[in-house]
Amino acid sequence: MSATQLGFTGMPTRLFTCTPSRLTTWLDCPRRYKFVYVDRPSPPKGAPWAHNSVGASVHSALAAWWSLPVERRTPDAAAGLLREKWIGLGFRDDAQEAEWRERAAGMVASYVETLDPHAEPVGIERTVAMRTDRLAVSGRIDRLDRRGDELVVVDYKTGRHILTTDDARGSLALALYALAAARTMRRECVKVELHHLPTGAVIEWQHTDETLARHLGRAADIAAEAAAAHASGEDSAFPPNPGHMCGWCDFSAHCPEGRAAKAAYAPWAGLAPDITPSSDD
Ligand code: SF4
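Keep in mind the model is a prediction, meaning the values are calculated, not measured.

Peer 1: Requested: an account of the site of the ligand, with residues and values cited.
Peer 2: Every residue close to the ligand is listed here: Cys29, Arg32, Phe35, Pro240, Asn241, Pro242, Cys246, Cys249, Cys255 and Gly258. Along the lines of polarity and charge, the residues of the shell around the ligand split into seven nonpolar, two polar and one charged.

Take a look at the structure:
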């Protein structure tokens, strides 16, 4: 267990070590949190999701594209890298996989056409970290740009969900990334962007010190709840949170309440235009 609170008067409170994903997992469902972060060994996950394969392949291809010499950063190269990095897991059959591989190749090629290959990012899949008196947060940013004097957090999205400003403004992960990037790089970082590859939309949000402080306070509150559950060690401290999202849960097979709420979707269901999976990235 990496996070406990000592709880004795006058004793220091141990930092809660986490990623944004750990905090949002707690918010979504404490039982899923237990499966992922507490139980050892962690229970086996269900089958891989095709939409996650698409997302991971796109992220890998874009990271590799930036590592090419600048003269080779072309749309064709991006499509080639996508095919090279392709993860073919979770698809219904070979035909569906091939269709999505080419669709994803087109997506990254169109996206990089909008980029200036000379605008070297400050970081690609860069890990940033920060500490407060209650939290030690770290996470990996898809891309960190420097524009003028400031840093901008860029997060790639590949899901079907149409994004709005609320998604950028309300994202705990993006806010923590901005705070951690500023601390790590010692430079202002208040702007966050979601780059939605299927539509080419860029959704941006400019934080203020106040909005970032609110997110940080929220993160500390979530961490305190999770730490209290760790300290209790009781199964009942990690209750299920059954709902429609249980259909996307990797641990549905181990959770009767979740299965009763929503049967597991097929591994390729998240590719459908009218369904939004939980891990829509
Ligand atoms: S199936 Fe639902 S309730 Fe069960 S662990 Fe997963 S998200 Fe939580």
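Peer 1: Quick one: what's the story with the domain arrangement of the chain, residue by residue and with numbers?
Peer 2: Segmentation of the chain into domains returns domain 1 (50–113) and domain 2 (123–215). When each unit is reduced to the centre of its C-alpha atoms, the spacing between domain 1 and domain 2 is 23 Å. The junction of domain 1 with domain 2 conceals about 1000 Å² of combined surface from both sides, 68% of it contributed by carbon and sulfur atoms. Per-residue buried area on domain 1 facing domain 2 is highest for His59, Met107 and Tyr111; these three make up 53% of the total on that side. Seen at the junction of domain 1 and domain 2, the total is zero salt bridges. For the interface between domain 1 and domain 2, the tally reads three residue pairs in polar contact (both at pLDDT 80 or more). Those elements that provide at least two residues to the side of domain 1 that touches domain 2 are α3 (50–66) and α5 (94–113). Split by residue class, the side of domain 1 that touches domain 2 holds eight nonpolar, two polar and one charged.

What counts and how
- Residues numbered from 1 in each chain as written.
- Predicted model: local features only at pLDDT ≥ 70, side-chain atom pairs only at ≥ 80, totals over all residues.
- Heavy atoms only, no water.
- Near = heavy atom within 4 Å.
- Nonpolar A, V, L, I, M, F, W, Y, C, P; charged D, E, K, R; others polar.
- Domains from an automatic or database assignment.
- Buried area = accessible area lost by both parts, 1.4 Å probe.
- Salt bridge = Lys/Arg side-chain N within 4 Å of Asp/Glu carboxyl O.
- Polar contact = N/O pair within 3.5 Å; in protein donor to acceptor, adjacent residues only side chain to side chain.
- Helix = DSSP H or I, 4+ residues; strand = E, 2+ residues; numbered from the N terminus.

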